[in-house]
Amino acid sequence: MNFNNDNEVLDFFYRLLDMLHQTDLQNFGSHIQLVYVAPGAQHVDHIQTQYFGERHSAALHPVPQKQSELPEALATPQAMLLWQKAQLAGYVDEHYQPLLSRTQAALLADAMAERLGIKEKWKVFESFWHRKNMYKDYYDALNQKQSLVFQDSMKVVLS
């Protein structure tokens with residue numbers, strides 16, 4: 001495929017990832033790696049590796065042993081409106097658990113916490129989503145090019 005700019009490439013990549021997340025890949029182990037190659041076949045940058053299937057699904061979408069109750073800070077009327085928007089966008093499932101990569105989930109947590117005025121955002125989201133070190137995922141996300149596209153789409157979704 002030919003793309004006119006980097007945004008078209010990333011848009012195509014995210015549409016493809018969304019389609020793969022919606023299919024049943026539990027019995028298959030696979031991954032997609034997006035690599036940018038500049039004109040002249042010069043390797044410029046590895047953008048992202050996304051894993052799918054049984055071997056990698058736990059790392060991407062941890063399934064809690066028991067269902068967590070929505071914390072008070074994430075159960076306000078304003079929060080429920082954000083959850084609804086996040087569900088419609090495919091960011092979270094019906095139990096408000098992330099359907100995103102760890103870095104994207106950290107960006108979502110940060111954006112929601114900012115809109116809801118949650119001061120201890122990592123403590124709240126790490127406990128609810130059964131994750132550790134989300135602050136590290138957040139800072140990793142800030143160094144990834146595709147995070148800019150995701151952050152722009154989040155602004156539209158959560159507005």
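### Looking at the overall build of the protein
Next, step 1: On a plain count of helices and strands, the protein comes out with seven helices and two strands.
Next, step 2: Taken from the N to the C terminus, the helices and strands of the protein come in the order α-β-β-α-α-α-α-α-α.
Next, step 3: In the protein, which comprises 159 residues, the share counted as buried stands at 36%.
Next, step 4: Residue pairs in contact within the protein that sit at least 24 positions apart in sequence constitute 62% of those at least 6 positions apart.
Next, step 5: With the model as given, the accessible surface of the protein reaches about 10,100 Å², and the carbon-plus-sulfur share is 52%.

### Let's talk about the pattern of salt bridges
Next, step 1: What the rule picks out here adds up to four salt bridges.
Next, step 2: Here D137 and R102 are joined by a salt bridge, their closest N and O atoms 2.8 Å apart. Residue D137 is found in helix α6 (residues 134–142), and its partner R102 is found in helix α4 (residues 102–116); the two are separated by 35 residues along the sequence.
Next, step 3: Accessibility expressed as a relative area gives 26% for R102, which makes it partly exposed.
Next, step 4: For K121, the salt bridge identified is with D110, shortest N-O distance 2.4 Å. One end of the pair, K121, is in helix α5 (residues 121–129); the other, D110, is in helix α4, and 11 residues separate them in sequence.
Next, step 5: We classify D110 as buried; its relative accessible area is 12%.

### Notes on the side chain of D137
Next, step 1: Overall, the relative accessible area of 10% leaves D137 in the buried class.
Next, step 2: What D137 contacts, discounting residues up to four positions off in sequence, is R102, T103, A106 and K132.

How each quantity is defined
- Residues numbered from 1 in each chain as written.
- Predicted model: local features only at pLDDT ≥ 70, side-chain atom pairs only at ≥ 80, totals over all residues.
- Heavy atoms only, no water.
- Helix = DSSP H or I, 4+ residues; strand = E, 2+ residues; numbered from the N terminus.
- Buried < 20%, exposed > 50% of the residue type's maximum accessible area, 1.4 Å probe, protein only.
- Contact = heavy atoms within 4.5 Å.
- Areas by Shrake-Rupley, 256 points an atom, 1.4 Å probe, with all protein chains shown as cover.
- Salt bridge = Lys/Arg side-chain N within 4 Å of Asp/Glu carboxyl O.

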